[in-house]
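A look at the structure
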Amino acid sequence: MLKEILAITGKPGLFKIISHSGKSLIVEEITTGKKLPVSPRDRVISLADVAMYTDNGERPLSEILDVIYTQKNGEQIDMKEVKDNLKETFASFVPDYDKDRVHDSDVRKLFNWYNLLVANGLTQFKEEEQKEEDTEKESGEEKPTEQSVS
C-alpha cells in the first residue's frame with residue numbers, strides 16, 4: 001500500500017498514484033481527493049522507499065508505522081500532546097533510533113504522515129510478502145526455497 005502513497009517536495013500532504021503516462025503522474029491528494037498532474041521536475045518519493053536511521057542501520061517506514069499503529073490501537077497521535085516531548089514519544093515506538101541523525105522535523109513529519117494515513121483509512125502499512133516474512137522470522141520457520149536437481 002505504501003508503494004502507491006507519495007510525498008511531493010513543496011506540496012503539503014500525501015498523494016496516491018491514480019495513473020501514469022510516459023513522463024507524468026496523475027495523483028490524488030488523500031485528504032481532499034483532488035487530482036493533479038505531477039511533472040518530472042517535481043521531487044517525488046514513495047513512502048515505501050523511506051526509512052529512518054537506527055543504531056542498527058535503517059528501519060523501513062512501513063515497520064515503524066505498523067509499530068505505532070499497534071501501540072496506539074489505531075488511534076491518531078495528538079501533536080499538541082507530544083509537542084514538548086517529541087523524541088521521547090518517538091523513542092517509545094523506536095527505542096534504538098539514531099539520536100544524532102533523526103531530527104525533530106523528521107519525527108514531526110512521520111507523525112503527521114501517520115495521522116494522515118490513519119484518518120483516511122490507510123492502515124495497511126506492510127506489504128503482504130513482508131508480513132509473511134516477518135511471521136516466519138518470529139516463528140523460526142523458514143520458507144522452503146526452490147532447488148534445482150540435476
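Everything discussed here concerns the structure shown above.
I will try to describe carefully the structure that is included in this document. Every chain is numbered on its own, with residues counted from 1 as its sequence reads. Only residues with pLDDT of 70 or above have their local features reported here, since the model is predicted, and side-chain atom pairs are shown and tallied only from 80 upward, although totals for entire chains, interfaces and linings are computed over all residues. Values shown for side chains rest on all heavy atoms present in the structure; no hydrogens or waters enter the calculation.

1. With respect to the packing of aromatic side chains
Two rings belonging to Phe, Tyr or Trp (six-membered ring only in the last case) form a pair when the distance between their centres is within 6.5 Å. Interplanar angles under 30 degrees mark stacking, angles over 60 mark edge-to-face geometry, and anything in between is tilted. Across all of its chains, the model carries 5 aromatic pairs by this definition. Through pairs of rings, three or more aromatic residues link up here, namely Phe90, Phe93, Tyr97 and Phe111.

2. Things to note about the nonpolar core
Generally speaking, a soluble globular protein has its nonpolar side chains buried in company with each other. Judged by nonpolar contacts, the single largest core of 30 residues is most densely connected at Leu47, Phe90, Leu110, Phe111 and Leu117. Elements with a contribution of two residues or more to this core: strand 1 (5–8), helix 1 (61–71), helix 3 (86–93) and helix 4 (104–119). The numbering of helices and of strands both runs from the N terminus, where a helix is a DSSP run of H or I of at least 4 residues and a strand a run of E of at least 2. With 7 residues, helix 4 is the single largest residue contributor to this core. Residue contacts follow a heavy-atom distance rule, with two residues in contact if any of their heavy atoms lie within 4.5 Å. Residues within four places of Leu47 in sequence aside, it is in contact with Leu2, Ile5, Ala7, Leu14, Leu61, Trp113 and Leu117. Among buried residues, the Ala, Val, Leu, Ile, Met, Phe, Trp, Tyr and Cys ones that are joined through side-chain atoms within 4.5 Å form a nonpolar core. Residue burial is assigned from relative accessible area. The probe radius is 1.4 Å, only protein chains are included, and a residue is buried under 20% of its type maximum, exposed over 50%, and partly exposed in between. One finds Leu6, Ile8, Leu36 and Val38 within the second-largest nonpolar core, a separate group that totals 6 residues.

3. Brief notes about helix 4
Under the 1.5 Å per step criterion, the end-to-end length of helix 4 is 22 Å for 16 residues, consistent within 8% with the ideal 22 Å. Within helix 4 the residues assigned to the buried category are Val107, Leu110, Phe111, Trp113, Tyr114, Asn115, Leu117 and Val118. Where helix 4 is buried, its residues meet strand 1, strand 6 (51–54), helix 1, helix 2 (79–82) and helix 3. Once helix 4 finishes, Gly121 follows within two positions and takes phi at roughly 75 degrees, a positive value. One fewer than the residue count of a helix, multiplied by 1.5 Å, yields its expected span.

4. Quick notes on the packing of helix 1 against helix 3
To get an axis, fit a line to the C-alpha atoms, keeping to the stretch in contact for a helix; angles then go from 0 to 180 degrees between the N-to-C directions. For the pair helix 1 and helix 3, the least separation of the axes is 9 Å and the interaxial angle reads 95 degrees. With respect to helix 3, the element helix 1 is oriented roughly perpendicular. Within the contact between the two elements, helix 1 uses Ile64, Val67, Ile68 and Gln71 and helix 3 uses Phe90, Ser92 and Phe93. The classification used treats Ala, Val, Leu, Ile, Met, Phe, Trp, Tyr, Cys and Pro as nonpolar, Asp, Glu, Lys and Arg as charged, and all other residues, Gly among them, as polar. The residue inventory of the contact of helix 1 with helix 3, partitioned by class, reads 5 nonpolar, 2 polar and no charged. Small angles under 35 degrees read as roughly parallel and large ones over 145 as roughly antiparallel, with 65 to 115 read as roughly perpendicular and the rest as oblique.

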